[in-house]
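Coordinate analysis (summary)
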Amino acid sequence: MNLRDLATPAVLIEQSRVLANIDRMQEAADKRGIRMRPHIKTHKSPIVARWQIDRGAVGICCAKLGEAEVFAEAGFTDIRLPYPINPDNAPRVIKLLERTTLSFIVDHLEVARAWSDAMARTGHTVDVLIKVDVGFHRCGIDPNPATAPAFIKEVSTLPGLHLRGLLSHAGHAYHATSPDHLRSIAEDEARTLQALATAARDQGVHIDELSAGATPTARFSMEQDWITEYRAGNYVYFDRTQVGLDAATLEDCALTVLATVVSKPAADRIILDCGSKTLAADAARGFAPLPGHGLIFRDVTLARGQRADERLSIERLSEEHATVRVAPGETSPEPGQRVRIVPNHSCVVSNLVDQAWLTDSDKVLGALPIAARGRIT
Ligand SMILES: Cc1ncc(COP(=O)(O)O)c(C=O)c1O
């Protein structure tokens, strides 16, 4: 099958790029003795996760129990949820524990106690890591040395929980303004985890794991001492944002959207058949402003050295339309022509389709079901 046989819009995954991205990150982790535990949030596909495990990952991360249920069903036996799941979900966790090693994060004492009660009451113990806020200010305990060690100590004594270690996510790296800024975020993160681990060990608390993970900081985090595990997610496909943060090149971007020009209402405007329901409406992040909703490649074969046509800019998305401004003097694609788009944020694109297509240039290798997409509970 060839790209021209596919109905558009279609989400394409360039297989050789995915495998190269997995190999590169795994090699960097192996060199430092860091265990890779990729976050599946980007691909949501047991097929891609199996490629990651086969290349050396020790397990996977999911955000939601619904995703973990899909992966456990597919035979994955070591799943970590770096997400503060609510103790209402104890019956689902207990069921998952029958067939997989499962761990999740805690960052609130009452929630940790409720989990401990729910587990101990039913004769179970579940592995947890304490989430530490290293500057993103989403979840996580304040790493203040005056308060954090007492929290860690308290969690370590709860009978239904087995404290494995500390975990952080430097999500604020997506707002970094330079490579030096990214490096300092990675260094601060490692220092913060290390200081807390030392404080915990000084109180006799066993800390096995220091888990960090975010694609923009990966290249700097891999240079840090102390980190035992890395949970990058986006690196498997990359996207325009990672290119904007110098974490990837456009030739590393494995997920693209194949779209057709469906209208040309004016000489300087064309309409593509992929709106926010395919490209998603996330803005791109980067060291410099990156306006628009993705980068357009006119040559759908993704031939090496091919450049995005930045004179075609995706200015606006409706649900089913992408409005593209054609720069003055640029020859506009005509209705019926197809283009390939590197989106701003690949993770959200995978969540919008039941199935993507594995490709090799313009050849279609097969379907890639996104088995855990939409598992929001
Ligand atoms: C808690 C947590 N860990 C790891 C990741 C992976 O980060 P990235 O996709 O930047 O590699 C994410 C991404 O959202 C996350 O929320």
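Turning next to the overall build of the chain. Helices and strands together make up the secondary structure of the chain, namely eleven helices and 17 strands. Against the globule reference of 21 Å for 377 residues, the chain gives a C-alpha radius of gyration of 22 Å, in line with a compact fold. For the chain, the proportion of its 377 residues judged to be buried stands at 48%.

Another point: the pairing of strand β10 (residues 255-266). Summarising the sheet, strand β1 (residues 10-14) and β10 pair through four bridges and their orientation is antiparallel. Its bridge partner lying in β10, L12 is registered against T256. In this sheet, strand β15 (residues 338-342) lies alongside β10 in antiparallel orientation, the contact comprising four bridges. Counted as the bridge partner of V257 is I341 from β15.

Taken domain by domain, the chain holds domain 1 (3-11 + 248-369) and domain 2 (15-237). Relative placement of domain 1 and domain 2: their C-alpha centres are 33 Å apart. At the level of secondary structure, the elements contributing two or more residues to the side of domain 1 that touches domain 2 comprise α11 (346-350), β16 (355-360) and β17 (363-369). In terms of residue class, the side of domain 1 that touches domain 2 is made up of nine nonpolar, four polar and three charged.

Residue T8 is joined to P9 through a cis peptide bond whose omega torsion reads 0°. Mapped onto the fold, P9 is located in the segment before β1. The phi dihedral of F238 is positive, around 60°, even though this residue is not glycine. Relative to the elements of secondary structure, F238 occurs in the loop between β9 (229-230) and α9 (240-244). Look at F238 and you get buried, because 25 C-beta atoms sit within 10 Å. Despite not being glycine, L302 has its phi angle at roughly 55°, a positive value. Following the sequence through the fold, L302 ends up in the loop between β12 (295-297) and β13 (312-317). According to the C-beta neighbour criterion, L302 is buried, with 21 such atoms within 10 Å.

Direction vectors running N to C along helix α6 (residues 148-156) and helix α7 (residues 179-202) enclose 55°, while the axes themselves pass 9 Å from each other. By the angle between their directions, the pair α6 and α7 is classed as oblique. Judged by the sense of rotation from one axis to the other, the crossing of α6 with α7 is right-handed. Here α6 contributes A148, P149 and I152 to the contact with α7, which in turn contributes L196, A199 and A200. A breakdown of the residues in the contact of α6 with α7 according to their chemical character gives six nonpolar, no polar and no charged.

Time to look at helix α1 (residues 15-31). Taking 1.5 Å per residue as the helical rise, α1 with its 17 residues ought to reach 24 Å, and the 24 Å between its terminal C-alpha atoms agrees with that figure. Of the positions making up α1, those classed as buried are R17, V18, N21, I22, M25 and A29. Each buried residue of α1 sits inside an arc of 135° when the element is viewed along its axis, so together they form one side. For α1, the elements touching its buried residues are β1, β2 (35-36), α2 (46-54), α8 (218-221) and β9. Once α1 ends, the next one or two residues include G33, with phi positive near 70°.

Rules used throughout
- Residues numbered from 1 in each chain as written.
- Predicted model: local features only at pLDDT ≥ 70, side-chain atom pairs only at ≥ 80, totals over all residues.
- Helix = DSSP H or I, 4+ residues; strand = E, 2+ residues; numbered from the N terminus.
- Rg over C-alpha atoms; globule rule 2.2 N^0.38 Å.
- Buried ≥ 20, exposed ≤ 12 C-beta atoms within 10 Å, placed from the backbone.
- Pairing = 2+ DSSP bridges.
- Domains from an automatic or database assignment.
- Nonpolar A, V, L, I, M, F, W, Y, C, P; charged D, E, K, R; others polar.
- Axes fitted to C-alpha atoms, helices over the stretch in contact; angles between N-to-C directions.
- Parallel < 35°, antiparallel > 145°, perpendicular 65-115°, else oblique.
- Left-handed = near helix turned anticlockwise from the far one by under 90°.
- Contact = placed C-beta atoms within 7 Å.
- Expected span 1.5 Å × (residues − 1).
- Arc of directions from axis to C-beta.

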